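# Working through the structure, step by step
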Amino acid sequence: MKINDSHLKELENEAIYVIRETAAQFEKKVILFSGGKDSIVLVHLARKAFWPAKMPFSLLHIDTGHNFQETLDFRDNLASKFGIELIIRYVQDSIDKGRVKEEQGINASRNRAQSVTLLDALEELGIDAAIGGGRRDEEKARAKERFFSHRNEFGQWDPRNQRPELWYIFNGKKNQGEHFRVFPISNWTELDVWLYILKENIELPSIYFSHRRKIFFRNGVYLAWAPFMKLKPEEEVFEADVRCRTVGDITCTGLVISKASTVKEILEEVAITRVTERGGRYDDKRSEAAMEDRKKEGYF
């Protein structure tokens, strides 16, 4: 497959510029790390931005307790391999403290509860800037984001009050208690990410490649089965060859039936698909404005 090196180089340079600006403007900053491909690419870019020095960011992972084991293992191995500080905060602790109430019922998920755990962690750690792997092509709410996305003292995002970013001039000024979310790969597409992964030979969790897994079908989405998940009477668990396009909590991460076992094969699938990357995310199907509502509450 032919790779447009000049296009990828432009995207890489842009992302590295944003990452370096973040390091320059903020004192306490972290990379929000999920074990997904976008956050893995962010770590690669951040290491490249400051090489041969150590990147000035820790990794912060909000663990729902219902994550794929493959991503947790990859997270731990990556932090150990590169000597990066890994900070983990758990949604279960927020539930135990009464900070959030766990959802009940067939469609219960801890995905929304992550926002409270994340905001508590940012306040506890005194974080000025949290770098995320959000991209504008993923979903209409994320298309409204700037590179530097201001959050108020309550961690809330106002899409109607975004700061201008003319000529790549970023305004990181904030009041006490406020913080910024920073999105260096905002202008990348899913295809760009996979092309960059191929070009840079970036290692990924096995869950992104075709593997055999127990799944079930719900409301147009294939979901991975786990012992804690409740099934409707008509739902049946069966095995199939699947892979993930985007990774999150097990309860909301849609799977695609696939035989793609290499990055090149995944690129061929992505190039011809007519379903958006987040089209298989079960949590985005709760309402038309599901993502925007969660972002206003403090979601990634």
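Since this is a predicted model, take the numbers as computed values, not measurements.

### Some words on helix α6 (residues 190-200)
α6 sits mainly inside the fold: eight of its eleven residues count as buried. Looking at α6, one finds that the buried residues are Glu 190, Asp 192, Val 193, Trp 194, Leu 195, Tyr 196, Ile 197 and Glu 200. On the buried face of α6, the contacting elements are α1 (5-25), α2 (37-50) and α7 (263-272).

### Observations concerning the environment of Glu 178
For Glu 178, the position within the fold is in the loop between β5 (148-151) and β6 (179-182). Note: C-alpha distance between Glu 178 and Glu 21 (157 residues apart in sequence) is 18 Å. Residues contacting Glu 178, with those up to four places away along its chain left out, are His 150, Arg 151, Asn 152 and Glu 153.

### Let's talk about the domain arrangement of the chain
The domains assigned to the chain are domain 1 (8-192 + 288-297) and domain 2 (206-284). Contact residues are listed per partner, giving 26 residues for domain 1 and 27 residues for domain 2. Both sides together, the interface formed by domain 1 and domain 2 hides about 2300 Å², and carbon and sulfur atoms give 54% of it. Linking domain 1 to domain 2 there are two salt bridges. A salt bridge links Arg 213 to Glu 70, with the nearest nitrogen and oxygen atoms 2.5 Å apart.

### Focus: the sheet that holds β5
Pairing within the open sheet is mixed, and its six strands lie in the order β3-β2-β1-β4-β6-β5. With one partner strand each, in any of the chains shown, β3 (86-90) and β5 form the two edges of the open sheet. Adjacent strand axes in the sheet meet at a mean angle of 30° when their direction is disregarded. With three bridges connecting them, strand β4 (residues 129-131) and β6 associate as parallel partners. The partner of Ala 129 across the bridge, within β6, is Phe 180. Across the sheet, α1 lies against β1 (29-32), β4, β5 and β6, angled at about 40° from β5, the strand it touches most.

About the cut-offs
- Residues numbered from 1 in each chain as written.
- Predicted model: local features only at pLDDT ≥ 70, side-chain atom pairs only at ≥ 80, totals over all residues.
- Heavy atoms only, no water.
- Buried < 20%, exposed > 50% of the residue type's maximum accessible area, 1.4 Å probe, protein only.
- Helix = DSSP H or I, 4+ residues; strand = E, 2+ residues; numbered from the N terminus.
- Contact = heavy atoms within 4.5 Å.
- Domains from an automatic or database assignment.
- Buried area = accessible area lost by both parts, 1.4 Å probe.
- Salt bridge = Lys/Arg side-chain N within 4 Å of Asp/Glu carboxyl O.
- Pairing = 2+ DSSP bridges.
- Axes fitted to C-alpha atoms, helices over the stretch in contact; angles between N-to-C directions.

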